[in-house]
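Per-entry structural report
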Amino acid sequence: MKLSELKKGQSGRISKLSCSGSLKSKLIDMGVLNGERIQVLRIAPLGDPVEVLIKRYKLSLRKRDAEGILVEEVQ
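What comes next concerns the included structure.

Definitions and limits used
- Residues numbered from 1 in each chain as written.
- Predicted model: local features only at pLDDT ≥ 70, side-chain atom pairs only at ≥ 80, totals over all residues.
- Heavy atoms only, no water.
- Pairing = 2+ DSSP bridges.
- Helix = DSSP H or I, 4+ residues; strand = E, 2+ residues; numbered from the N terminus.
- Axes fitted to C-alpha atoms, helices over the stretch in contact; angles between N-to-C directions.

1. A look at the pairing of strand S2 (residues 37–43)
In this sheet, S2 lies alongside strand S1 (residues 11–17) in antiparallel orientation, the contact comprising three bridges. Opposite Ser-11, over in S2, you have Gln-39 as the bridge partner. From the end of S2 to the start of strand S3 (residues 50–54), which pair antiparallel, there are six residues, and Gly-47 there has a positive phi angle of about 90°.

What follows is the structure in structure tokens.
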């Protein structure tokens, strides 16, 4: 499942970064790594951007960037 498919309040564990190039390296630098838990905090009214909580900090991602992050939903 893609990160962009999670609803507000849902959590997931990152299983793969399917994006490439400079975006992938920027996400890794910000702590978006395989195995990390990520929670969707807020979604803008039109669905873009998405605010997530990862490693005790908030990160806003464009919807198209969130589509490149594959997660497994966790409770």
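Let us keep going from here.
2. Digging into the sheet that holds strand S4 (residues 57–61)
One open sheet holds the five strands; their spatial order is S4-S3-S2-S1-S5, and the pairing between them is antiparallel. Unpaired on one side and paired on the other, S4 and strand S5 (69–74) mark the two borders of the sheet. With direction set aside, neighbouring strand axes in the sheet form an average angle of 40°.

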